[in-house]
Amino acid sequence: MKNYYSFKDIQGDLCRGEITCQKLVQGYLDNISKHSKLNAFVEVYKEESIKRAKEIDSKIIQKKSGKLAGLVIGIKDNICYKNHECSAASKILKGFKSPYSATVIKRVLAEDAIILGRLNCDEFAMGSSNENSIYGPTRNPINIDFVPGGSSGASASAVKANLCQIALGSDTGGSIRQPSAFCGTIGLKPTYGLVSRHGLIAYASSFDQIGPIAKSIYDIKLIMNIISGQDEFDSTCSAKDFASQKTLTRKKRKFAVLKEAIEFKGINPGIKNEFTKMVDSLRLEGHQISYISLPLLEYLVPCYYILTTAEASSNLSRYDGVKYGYQHNDGLISTTRSKGFGKEVKRRILLGTYVLSEGYYEDFYIKAQKIRRLVQKQTNKILSKHDYILLPTTPNLPFKIGDKNISPVQRYYEDVFTVHANLSGHPALSFPLGEVEGGFRASAQIIGNFFSEKDILNTTENVI
Ligand code: GLN
């Protein structure tokens, strides 16, 4: 099977009868077994996908098919799909079958997409390497000794290795964008509230957003048209949708480059170089480039980890072994939780409980909330004078699987460029730049005003 860059090419081939959905599904299934070392899919819905492909093929012949007919999707193992297992890569949810589908799942199915299976991730979406999983680590298709990033590491790995055309992941602090950077794919974290979170297993509810990982901007736009928009099951979901978004008509754009990001102490020189090259070529093409400062950059990571662990400690209190998934045979909630959760999840529950406890609440939680508001204010201010903010997606390239030389806190600091958009709620797209080393590429992020995804995507496609 061809490695289709964009779903547009698949649509063309389907239309001309050069391929069928059945052949497509078979092609991806073959790729999954060929690349089983990647450990990307933790469950493949083989028979079901083949059956669905047949049905959609006949719908195509009858010209009754939906907008996503022939689109084969992988879903992160934290997005619920009715009557299918969903475990958030955790022992505590092993065996849990969801009684309902997430809104995004219902919407893509209604447009005839084919869901091929569920994809590995870090447990409860906590991590940057996809190593914290009961299913074992996922590998990076560019070099299998390296991590694919996290927590939606398998989503990016699967798209890059052509195991599916597009993947749905979730981004709380960079989990769509950082794996996209590590695997050379494109990933969008939508504006908070553009996509319903109904059916997404919660990590930190005021940060979480579902979004796509793909090889082309075309694919991202296509799926955003379908998954975005108001949902009665999620009260934080906005009435605004992707389809009705306006885009800039002015040819020359105003980019704000984050000074602190390019001057960041730990940044890989190759990444800095590729990023600077991109900025220089934008300037040469006549776009306005200003170097602006976000003095709060050094507080972003601590602020993110205080707030997300606080929310996680509350969200994860529902796993008591009574309602869903695993229960230890002594029937005790404490044993179920201590045996069911992995190390990183426990670390975060402890940290979150600590920052919410009496005496520390004002010093940590409240202070972090204030910083969050300041970050949002400063970002809005920058975006009132500029069209977009540009910064690298990650300061470093992927690291080797099992690298023990990186402490958990050092790993947290790898999120320094991605947590910004989740703290402020703005949309952010990560896209690949040139190669830096060993096939690994640098990536940049473009952050825009709230609900400006369509414009961000057009600008990345046509201007950058
Ligand atoms: N690496 C970040 C964390 O561990 C991001 C996670 C995410 O976006 N889900 O919290």
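As the structure is a prediction and not an experimental result, all values here were calculated from the model.

Chemist: With reference to specific residues and values, describe the overall build of the protein.
Modeler: Of the regular secondary structure elements, the protein holds 16 helices and 11 strands. Projected onto the principal axes, the alpha-carbon positions of the protein cover approximately 65 × 55 × 45 Å. For the protein, with 464 residues in total, the buried portion stands at 61%. Look at the contacts in the protein between residues 6 or more apart in sequence, and 76% of them connect residues 24 or more apart. The average position of the 61 basic charges and that of the 46 acidic charges among the side chains of the protein differ by 2 Å.

Chemist: Give me the lowdown on the pairing of strand β2 (residues 72-76), citing residues and values where you can.
Modeler: Of all the 5 residues making up β2, 5 are buried; the element is thus mostly covered by neighbouring parts of the structure. Covered by surrounding structure in β2 are Val72, Gly74 and Lys76 together with Ile73 and Ile75, the residues of both alternating faces. Note that β2 and strand β3 (residues 114-119) share 5 bridges and pair parallel. Across the sheet, Gly74 pairs through a bridge with Gly117, a residue of β3. In this view, the connection linking β2 to its parallel neighbour β3 by way of helix α4 (residues 103-110) has right-handed handedness. Alignment of β2 against strand β4 (residues 166-171), held across 3 bridges, turns out to be parallel. Within β4, the position partnered with Ile73 by the bridge is Ile166.

Chemist: Give me the lowdown on helix α3 (residues 46-61), citing residues and values where you can.
Modeler: Compared with the 22 Å implied by 1.5 Å per residue over 16 residues, the 23 Å span of α3 between its first and last C-alpha is a close match. Just beyond α3, the residue with positive phi is Lys63, at close to 55°.

Chemist: So what's going on with the packing of α4 against helix α7 (residues 217-227)? Residues and values would help.
Modeler: The geometry of α4 relative to α7 is characterised by a closest axis approach of 9 Å and an angle of 110° between their N-to-C directions. In this view, α4 runs roughly perpendicular relative to α7, as classed from their interaxial angle. The interaxial crossing formed by α4 with α7 has right-handed handedness. Packed against α4, whose contacting residues are Val104, Arg107 and Val108, the element α7 presents Ile223, Ile226 and Ile227 at the interface. When grouped by side-chain class, the residues that make up the contact of α4 with α7 number 5 nonpolar, no polar and 1 charged.

Criteria and cut-off values
- Residues numbered from 1 in each chain as written.
- Predicted model: local features only at pLDDT ≥ 70, side-chain atom pairs only at ≥ 80, totals over all residues.
- Heavy atoms only, no water.
- Helix = DSSP H or I, 4+ residues; strand = E, 2+ residues; numbered from the N terminus.
- Buried < 20%, exposed > 50% of the residue type's maximum accessible area, 1.4 Å probe, protein only.
- Contact = heavy atoms within 4.5 Å.
- Lys, Arg positive; Asp, Glu negative; His and termini not counted.
- Charge placed at Lys NZ, Arg CZ, Asp CG, Glu CD.
- Pairing = 2+ DSSP bridges.
- Right-handed = clockwise from strand over helix to strand, strands pointing away.
- Expected span 1.5 Å × (residues − 1).
- Axes fitted to C-alpha atoms, helices over the stretch in contact; angles between N-to-C directions.
- Parallel < 35°, antiparallel > 145°, perpendicular 65-115°, else oblique.
- Left-handed = near helix turned anticlockwise from the far one by under 90°.
- Nonpolar A, V, L, I, M, F, W, Y, C, P; charged D, E, K, R; others polar.

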